[in-house]
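# Structure at a glance
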Amino acid sequence: MQITIDGKKINVKNGITILEAAEKAGIKIPTLCYHPDLKPEGRCGICIVEANGKIMTSCNNKVSNGMIIQTNTENIKKQRKINAQLIGCNFEKEEEFRKWLALEELPDIDELKFKSKPSELIDESCHDIVMDFTKCIMCGRCVQKCRDLQTVNAICYSKRANGTIVGKSLGKKLIETTCVGCGQCSLVCPTGAIKEKEYIEDIKKLLKDKKYHIIAQTAPSIRVAIGEEFGMPAGSLVTGKMVSALRKVGFDKIFDTNFGADLTIMEEASELIDRIKNKKLLPQITSCCPGWVNFIETFYPEMLPHLSSCKSPHQMFGAILKTYYAKKVGINPKNIILVSIMPCTAKKYESCREEMIIDGVKDVDYVITTREAAKLIKSFNIDLSKEEDSEFDNPMGKGSGGGAIFGTSGGVMESAIRTAYYFLTGYDYPKIEFRSIRGDKGIRETSIKIGDTKLNLAIVHTLSNARKVIETIKKNPNKYHFIEIMACPGGCIGGGGQPKPTTRDIIKKRSEAIYKEDKNLKIRQAHKNPQIMELYKTFLDKPLSEKSRKYLHTNYHDRSKCSR
């Protein structure tokens, strides 16, 4: 069909929106609540246009044949300003709101004419997420993520008519709701009204205190995302630059969480084999993702026996750091501070769980997100993009390709199968890459034969898909043997603490970078990591040993009737 936008005739496909048609014509319409991964709801009114003489939102109205559209008339500009003023009614400081409008390339305002003081200002009740209602513009992105993508419904619309606000279920504190801390709400919040609880200033103070030996560990998905915070293209692999920048910040050692991921695979693959050989409960479900762990504890506690008893990689790393490493270098573990740099907000709460304290020592002291890590680096006037490459420190700085792919959906499963196959047969699988496991479909199923055993596998990402799979298992307990579940889209590369924006296209580029790193590494299986072999030889003895169970495994609990 043919339409006319700002006097320009263009041919477009039936069914696309006015906004999509304008983009095709190279005409920019300002947007705010619109996000390419969410269903457009037209809530903010910034993307309004005149179509056939009527004012309408462009993000959720479709073109029709012969439609004549004006995107920037004086009337439209005036109406957009009014809508911008309405959006800013919760902002306490007009100057701050103006700066934000300029940053987002939105229409400026003459003054904030409409003022509405929120009933609650700031909710800091959780370990991971902070909600600042003085910055909420009611765009509704957070509600869509929490309700539609994660089916958690901790954030929702409250009250009615002109008094409608974005709030929390039943007006509770966030910590009292079903929030699982995944942070997907913070990832799409355009104003910072929802964000992670920051610990940057605490860490900067500690870095000046010579009493402490301060160590940073970085998750597999950080190195393919943090470059975006410094203007680099999505999917830039910046491992060496990241290590150099963190060393300049002042950390005493920079270690690799891929080491912890390899350790997780040694234990998790052994646990799977133990369940199969000894006819214990199946399917086994991965426990690496704390957002998923919070979800099953809250919504499906009766399914907890299916959950692997393994701690997540960064927690395993911390437990070994405060024991094996502390003894090796002769430092009191209480004088070691471990900072985990993670793509995830839920790991902030995970590190505070009582189960993650052994003999009075916390596995992990602080968790900061990719965004916080970039902020920390920038506060020292360091441009990561201009850093030279350098290597992780030893003896916990080496990871296999199997550890590297933990950062993307399907990576834990693929790495576990690489090692489980070897443990069961004594041979490597003929093809090291399990292509049938990869992809971006929300629920992926495949089967693999190891010896005489056929394993049915499922890989799942987002909690709405996790809910579907759990309901399937309840009806058909024998359908799967092993399931990987990640709370965020694409796994950790789409985590709630990753750089903004994070969209499907960007997640795809980060995933490609992770598989590229795996391919470039000489060692691609966890059981071949020499530092892991040394750890078992000199400290842990073997997977699932008494010492391994003490430091690397844990229990999870029914939290359906209590807050996190």
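Residues numbered from 1 in each chain as written. Predicted model: local features only at pLDDT ≥ 70, side-chain atom pairs only at ≥ 80, totals over all residues. Heavy atoms only, no water.

### Digging into helix H8 (residues 257–277)
Operational definition: Under the DSSP-based scheme used, a helix requires at least four consecutive residues in state H or I and a strand at least two consecutive residues in state E, with every element numbered from the N terminus. Here a helix's expected span is defined as the number of its residues, less one, multiplied by 1.5 Å. Burial status follows relative accessibility: with a 1.4 Å probe on protein chains alone, a residue under 20% of its type maximum counts as buried, one over 50% as exposed, and anything between as partly exposed. The term polar contact refers here to a pair of N or O atoms within 3.5 Å; inside protein, the definition further demands a hydrogen-donor-capable atom paired with an acceptor-capable atom, and it admits residues adjacent in sequence only when both atoms are side-chain atoms.
Helix length check: H8 (21 residues) gives 30 Å between terminal C-alpha atoms against 30 Å at 1.5 Å per residue, within 8%. Extensive coverage of H8 is indicated by the burial of 19 of its 21 residues. A distance of 3.0 Å separates the backbone nitrogen of Asn 258 from a side-chain oxygen at the start of H8, and that oxygen is part of Asp 256. Within two residues after H8, Lys 279 carries a phi angle of roughly 50°, on the positive side.

### Some thoughts on the state of the cysteines
As a reminder, the rule being used: Any two cysteine sulfur atoms lying within 2.5 Å of each other are counted as a disulfide.
This model, assessed by the stated rule, comprises 0 disulfides. Left unpaired, Cys 179 is separated from the closest cysteine sulfur, that of Cys 126, by 5.1 Å. You can call Cys 179 buried: its relative accessible area is 12%. Here Cys 185 stays unpaired: no disulfide links it, and the sulfur of Cys 182, its closest cysteine neighbor, is 6.2 Å away.

### As for the pattern of salt bridges
Heads up, the condition is: The term salt bridge refers to a pairing of a side-chain nitrogen on Lys or Arg with a carboxyl oxygen on Asp or Glu at a separation within 4 Å.
Following the criterion strictly, the structure yields 37 salt bridges and no others. Across the salt bridge formed by Glu 74 and Lys 77, the nearest N and O atoms sit 3.4 Å from each other. Taken as a pair, Glu 74 and Lys 77 lie in helix H2 (residues 74–87) at a separation of 3 residues, close to a single helical turn. Looking at Glu 74, the relative accessible area reads 59%, which means it is exposed. Judged by its relative accessible area of 36%, Lys 77 falls in the partly exposed class. The closest approach of N and O atoms between Arg 510 and Glu 228, which form a salt bridge, is 2.7 Å. You can see Arg 510 sitting in helix H16 (residues 504–520) and its partner Glu 228 sitting in the loop between strand E11 (213–218) and helix H7 (239–249), a full 282 residues away along the chain. Arg 510 sits in the buried class, given a relative accessible area of 0%. A single salt-bridge network, built from bridges that share partners, covers Glu 414, Arg 418, Glu 433, Arg 435, Arg 438, Asp 518 and Arg 524.

### Digging into the sheet that holds strand E13 (residues 284–285)
Applied cut-off: Pairing between strands is defined by DSSP: at least two bridges between the two strands are required.
One open sheet holds the 4 strands; their spatial order is E13-E20-E19-E18, and the pairing between them is mixed. Two strands in the sheet have a free side with no partner beyond their single neighbour: E13 and strand E18 (443–450). Sheet topology note: the E18/strand E19 (residues 453–461) ladder contains 8 bridges and is antiparallel. Its bridge partner lying in E19, Ile 443 is registered against Val 460.

### Notes on unusual backbone geometry
Trans peptide bonds make up the majority, and among non-glycine residues the majority have a negative phi. Looking along the chain, the bond that leaves Asn 394 and enters Pro 395 is cis, with omega of 20°. Each neighbour pair has its own omega, and for Lys 500 with Pro 501 the value is -5°, a cis peptide bond. Inspection of the secondary structure puts Pro 501 in the loop between strand E20 (482–486) and H16. Despite not being glycine, Asp 6 shows a phi value in the positive range, around 50°. Looking at the secondary structure, you find Asp 6 in the loop between strand E1 (2–5) and strand E2 (8–11). With a phi close to 50°, Asp 359 is a non-glycine residue in the positive phi region. Looking at the secondary structure, you find Asp 359 in the loop between strand E15 (357–358) and strand E16 (361–362).

### Considering the packing of H8 against helix H10 (residues 313–329)
When two helices pack together, their arrangement is given by the angle between the helix axes and by the axis-to-axis distance. Threshold: Here, axes are lines fitted to C-alpha atoms. For helices the fit covers the stretch in contact, and angles between N-to-C directions go from 0 to 180 degrees. Should an angle lie under 35 degrees it is considered roughly parallel, over 145 roughly antiparallel, and from 65 to 115 roughly perpendicular; all remaining angles are considered oblique. Should any heavy atoms of two residues lie within 4.5 Å, those residues are considered in contact. Just so you know the grouping, Ala, Val, Leu, Ile, Met, Phe, Trp, Tyr, Cys and Pro go in nonpolar, Asp, Glu, Lys and Arg go in charged, and all remaining residues, Gly too, go in polar.
Interhelical geometry of H8 versus H10 gives an angle of 100° and a closest axis separation of 8 Å. The orientation of H8 with respect to H10, classified from their angle, is roughly perpendicular. In contact with Thr 257, Phe 259, Gly 260, Ala 261, Leu 263, Thr 264 and Glu 267 of H8, H10 contributes Pro 313, His 314, Met 316, Phe 317 and Ile 320. For the contact of H8 with H10, the class distribution of residues is 7 nonpolar, 4 polar and 1 charged.

### Points about the packing of aromatic side chains
For clarity, the cut-off: Aromatic pairing here means that ring centres of Phe, Tyr or Trp (its six-membered ring) are within 6.5 Å. Orientation follows from the plane angle: under 30 degrees is stacked, over 60 is edge-to-face, and everything else is tilted. Placement of a positive charge over a ring is assigned whenever Lys NZ or Arg CZ falls within 6 Å of the ring centre and within 35 degrees of the normal to the ring plane.
Using the criterion set out here, one finds 13 aromatic pairs in the structure. Site record: aromatic cluster; members linked through ring pairs are Phe 255, Phe 259, Phe 317 and Tyr 325. The ring of Phe 380 has Lys 204 sitting right over it, with the charged end atom 5.6 Å from the ring centre.

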